[in-house]
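Next come the chains, spelled out residue by residue.
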Amino acid sequence: MDVFEALEQRRGIKFFDPAVTVSAADEARLCAALRLTPTAFNMQNWRFVMVRDPALRQKIRAAAWDQSQMTDAALLVVLCADLKAWEKQPERYWAHAPEPPRSSLVATMQEFYRGNDQLQRDEAMRSCGLAAMGLMLAAQSLGYDSCPMDGFDFARVSRIVRLPKDHVISLIVAIGGRAQEVWPRGGQLPDEEIFFTDHFPQS
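Residues numbered from 1 in each chain as written. Predicted model: local features only at pLDDT ≥ 70, side-chain atom pairs only at ≥ 80, totals over all residues. Heavy atoms only, no water.

A.B. asks: Before we go on, may I ask you to explain the overall build of the protein chain in this structure?
C.D. replies: Assigned secondary structure in the protein chain consists of eight helices and four strands. Along the protein chain, helices (α) and strands (β) appear in the sequence α-α-β-α-α-β-α-α-β-α-β-α when read from the amino end. Oriented by its inertia axes, the alpha-carbon framework of the protein chain measures out at about 55 × 50 × 35 Å. Classification of the 203 residues of the protein chain by burial places 39% in the buried group. Long-range contacts, defined as pairs at least 24 residues apart, comprise 78% of the intrachain contacts of the protein chain with a sequence gap of at least 6. Looking at the protein chain as shown, the accessible area adds up to about 12000 Å², and 55% of this sits on carbon and sulfur atoms. Here the protein chain holds 23 positive side-chain charges and 26 negative ones, and the gap between their average locations is 8 Å. (Helix = DSSP H or I, 4+ residues; strand = E, 2+ residues; numbered from the N terminus. Buried < 20%, exposed > 50% of the residue type's maximum accessible area, 1.4 Å probe, protein only. Contact = heavy atoms within 4.5 Å. Areas by Shrake-Rupley, 256 points an atom, 1.4 Å probe, with all protein chains shown as cover. Lys, Arg positive; Asp, Glu negative; His and termini not counted. Charge placed at Lys NZ, Arg CZ, Asp CG, Glu CD.)

A.B. asks: Sorry if this is basic, but what is going on with the layout of surface pockets here?
C.D. replies: Gaps left between atoms are located by rolling a probe of water-molecule size over the structure's atoms. By volume, the largest pocket amounts to about 200 Å³. In terms of lining, the largest pocket is formed by Arg11, Gly12, Ile13, Lys14, Phe15, Gln180, Glu181, Val182, Trp183 and Pro184. Of the residues contributing to the lining of the largest pocket, the split by class is five nonpolar, two polar and three charged. (1 Å grid on protein atoms, 1.4 Å probe; cavity = no way out; pocket = protein on both sides within 12 Å on 5 of 7 lines; lining within 4 Å. Points joined across faces, edges and corners; volume = space filled by probe spheres on them. Nonpolar A, V, L, I, M, F, W, Y, C, P; charged D, E, K, R; others polar.)

A.B. asks: Quick question: what am I supposed to make of the sheet that holds strand E1 (residues 46-50) here?
C.D. replies: Spatial ordering of the open sheet is given by E1-E2-E4-E3, a layout of four strands whose pairing is antiparallel. Two strands lie at the open edges of the sheet, namely E1 and strand E3 (145-149), each paired on one side alone. Going across the sheet, the axis of each strand differs from the next one's by a mean of 25°, ignoring polarity. In this sheet, strand E4 (residues 167-176) lies alongside strand E2 (residues 75-82) in antiparallel orientation, the contact comprising eight bridges. In the sheet register, Leu76 faces E4, and the bridge partner there is Ala174. (Pairing = 2+ DSSP bridges. Axes fitted to C-alpha atoms, helices over the stretch in contact; angles between N-to-C directions.)

A.B. asks: Just checking my understanding: could you explain the nonpolar core for this structure?
C.D. replies: Nonpolar side chains in soluble globular proteins tend to end up buried together. Ranked by size, the top nonpolar core spans 23 residues in total, and within it Leu30, Leu79, Leu135, Leu171, Val173 and Ile175 carry the most contacts. Elements with a contribution of two residues or more to this core: helix H2 (24-35), E2, helix H6 (117-141) and E4. No other element matches the eight residues that H6 contributes to this core. Setting aside anything within four residues of it in sequence, one finds Val173 in contact with Leu75, Leu76, Val77, Leu79, Ala132, Leu135, Met136, Ser146, Cys147 and Pro148. (Core = buried A, V, L, I, M, F, W, Y, C linked by side-chain atoms within 4.5 Å.)

A.B. asks: How do you make sense of a nonpolar patch on the surface when you look at a structure like this?
C.D. replies: A cluster of nonpolar residues, Val3, Phe4, Leu7 and Met133, forms a patch on the protein surface that exposes about 380 Å² of accessible area. Broken down by element, the residue count for the nonpolar patch peaks at three residues, all from helix H1 (residues 3-9). Within the secondary structure, Met133 sits in helix H6. You can call Met133 partly exposed: its relative accessible area is 30%. (Patch = residues over 30% accessible without salt bridge, like charges linked within 9 Å, V, L, I, M, F, W, Y side chains within 5 Å. Salt bridge = Lys/Arg side-chain N within 4 Å of Asp/Glu carboxyl O.)

A.B. asks: Help me understand the side chain of Asp145, please; the structure alone is not making it clear to me.
C.D. replies: Along the chain, Asp145 falls in strand E3. Given a relative accessible area of 7%, Asp145 falls into the buried group. Only 2.8 Å separates the side chain of Asp145 from the side chain of Arg178, close enough to count as a polar contact. Asp145 has contacts with Ile13, Phe16, Gln140, Ala174, Ile175, Gly176, Gly177 and Arg178, leaving out every residue within four places of it along the chain. (Polar contact = N/O pair within 3.5 Å; in protein donor to acceptor, adjacent residues only side chain to side chain.)

A.B. asks: Which parts of the structure should I look at to understand unusual backbone geometry?
C.D. replies: In terms of backbone geometry, most residues other than glycine have negative phi values and most peptide bonds are trans. Positive phi is not limited to glycine here, since Gln89 has a value of about 50°. Tracing the backbone through its elements, the reader meets Gln89 in the loop between E2 and helix H5 (99-113). Positive phi values are uncommon outside glycine, yet Asp198 reaches one of about 70°. Within the secondary structure layout, Asp198 lies in the segment after helix H8 (191-194). Residue Asp198 is classed as exposed on the basis of its relative accessible area, which comes to 77%.

Okay, structure coming up:
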């Protein structure tokens, strides 16, 4: 399946068939795809919690207004990010780069993020958003459905997955097989409302 076909077929699935499983080989491919998703400065600040324990899944469902995807999907991935990845031995992120650019990148990274909590959080959300889209397209290409989710109590889920204090949860992605056919797409906005050339029109 090419990327355009995966984009066209991907839908946010509300009801998963609990009998559908994801093979170990396919899960490994999905994890490999996640590692290829981009991050600023190659800092790889995303972290992925694969929730397998049925009891924990049930707790997350309770923290998500009883949405069945949390327990019925074959895979449940909590996408998190390390807010302080930029200062944790950043030279690792360019281990195979030659020395002059490596030192320059480390210095630039430190200057860019230090003291800017909002930028650190924004970067975490960007990284997780890119990872989520990569994960969902990879799942679709393997024949699985998915659902990106932010309808849950972030504080409760943070406690359930024992989120470190310097990390943040961005969203959850459920992956599996749909239990029923989905409705037609709700409707797309007209092009003139979403695409602009050079700048927004004057109001």
